[in-house]
Amino acid sequence: MKLQGPFRALCVFLAFACAAPALAQQLGVPQSSVVTLSSERLFSDSAFGQRILREIEAEGILLGEENERIVAELSREEKLLTEQRATMTADEFRPLADAFDEKVQSHREGQRAKLDALARRSEEARQRFFELVQPVLIDLLRESGASIIIERSSVFLSSDRTDITDAAISRIDAVIGDGSTLENEASE
């Protein structure tokens with residue numbers, strides 16, 4: 001098969017790119033002008049990310065349990081209201097039904113707000129994490145001799161040797177750990 005055009009150029013580039021990187025000095029940092037990193041794995045596999053994910057999951061479970069209690073309470077209330085309906089006129093029942101509907105809507109909005117706050121907390125923790133790890137990533141960039149770090153999921157094809165995710169996680173864990181001491185210092 002004869003390769004032509006852009007595909008041939010891509011093959012030539014990949015051949016040189018894959019042949020050029022030599023495994024680096026310490027911690028397995030590849031030597032390459034372009035390195036890749038999985039930001040999702042960087043967060044989720046780091047001690048910081050794992051702590052945040054555990055906390056968010058625990059809060060989510062508590063929120064789910066609270067929601068179940070509220071639903072059970074409202075179901076009991078609805079049943080009582082349905083039983084009362086048989087003994088009331090429409091004019092007597094309407095204010096009770098409206099008040100119940102308002103209560104249901106209020107609980108629904110309250111739970112939605114708590115869920116939104118939990119999602120915001122998760123996103124803020126991710127942003128904080130990437131602010132904290134930027135110096136570590138800059139050091140890895142310099143050590144590898146690279147001029148750019150590309151998100152691994154955005155790369156069509158690359159050698160696994162250009163992926164610095166594992167090295168980054170090791171260094172980040174050594175520098176910031178699970179981040180709880182940093183957050184405690186920030187809140188004091």
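Our structure is the block above this text.
This text gives an overview of the structure that appears in the document. (Residues numbered from 1 in each chain as written. Predicted model: local features only at pLDDT ≥ 70, side-chain atom pairs only at ≥ 80, totals over all residues. Heavy atoms only, no water.)

Another point: the overall build of the chain. Looking only at helices and strands, one finds six helices and two strands in the chain. Across the chain, helices and strands are ordered from the amino to the carboxyl terminus as α-β-α-α-α-β-α-α. Looking at the 188 residues of the chain, the share that counts as buried comes to 27%. The long-range share in the chain, meaning contacts at least 24 apart out of those at least 6 apart in sequence, stands at 79%. Only carbon and sulfur atoms are counted for the fraction: they give 56% of the accessible area of the chain, which is about 12400 Å². (Helix = DSSP H or I, 4+ residues; strand = E, 2+ residues; numbered from the N terminus. Buried < 20%, exposed > 50% of the residue type's maximum accessible area, 1.4 Å probe, protein only. Contact = heavy atoms within 4.5 Å. Areas by Shrake-Rupley, 256 points an atom, 1.4 Å probe, with all protein chains shown as cover.)

Further remarks concern the pattern of salt bridges. Counted by the stated rule, this structure contains 15 salt bridges. Of the charged contacts, one joins Arg121 and Glu59 as a salt bridge, the two residues approaching to 2.8 Å between their closest N and O atoms. Note that Arg121 is positioned in helix H4 (residues 90-144) and Glu59 in helix H3 (residues 47-85), a separation of 62 residues in sequence. Asp160 serves as the salt-bridge partner of Arg152, at 2.5 Å between the closest nitrogen and oxygen. (Salt bridge = Lys/Arg side-chain N within 4 Å of Asp/Glu carboxyl O.)

In this section: the packing of aromatic side chains. Given two aromatic rings, one states the distance between the centres and the angle between the planes to describe the pair. Here the structure, examined in full by the defined rule, presents four aromatic pairs. Centroid distance Phe43 to Phe129: 5.2 Å. Interplanar angle 80 degrees. Geometry classified as edge-to-face. Linking Phe43 in helix H2 (residues 39-45) with Phe129 in helix H4, this pair joins segments that are 86 residues apart in sequence. In this pair, the class of Phe43 matches that of Phe129, namely buried. Here the aromatic cluster, defined as three or more aromatic residues joined through ring pairs, consists of Phe43, Phe48, Phe129 and Phe130. Positioned over the ring face of Phe48 is Arg51, at 5.3 Å from the centre of the ring. (Phe/Tyr/Trp six-rings, centres within 6.5 Å; stacked < 30°, edge-to-face > 60°. Lys NZ or Arg CZ within 6 Å of the ring centre and 35° of its normal.)

Turning next to H4. With 55 residues, H4 ought to run about 81 Å at 1.5 Å a step, and its terminal C-alpha atoms sit 77 Å apart, in line with that. Along H4, the sharpest kink reaches roughly 45 degrees, centred on Val133 and followed within four residues by the proline Pro135. (Expected span 1.5 Å × (residues − 1). Bend = angle between axes of the 7 residues up to and from the residue.)

Here we come to the nonpolar core. A general trend in soluble globular proteins is that nonpolar side chains are found buried together. Counting residues in hydrophobic clusters, the biggest one holds 22 residues, and the most contacted among them are Leu42, Phe129 and Ile172. Sorting the residues of this core by element identifies strand S1 (34-37), H2, H3, H4 and helix H5 (165-176) as the ones contributing at least two each. Ranked by residue count, the leading element in this core is H4, at eight residues. Among all residues touching Phe129, those that are not within four sequence positions of it are Leu42, Phe43, Ser46, Phe48, Ile172 and Ile176. Core analysis: the next-biggest nonpolar cluster, separate from the first, contains seven residues, Leu81, Phe93, Phe100 and Val104 among them. (Core = buried A, V, L, I, M, F, W, Y, C linked by side-chain atoms within 4.5 Å.)

Relative to the elements of secondary structure, Ser159 occurs in the loop between strand S2 (148-151) and H5. At 3.0 Å, the side chain of Ser159 and the backbone nitrogen of Arg161 are in polar contact. (Polar contact = N/O pair within 3.5 Å; in protein donor to acceptor, adjacent residues only side chain to side chain.)

By themselves, these observations are geometric and do not establish any function.
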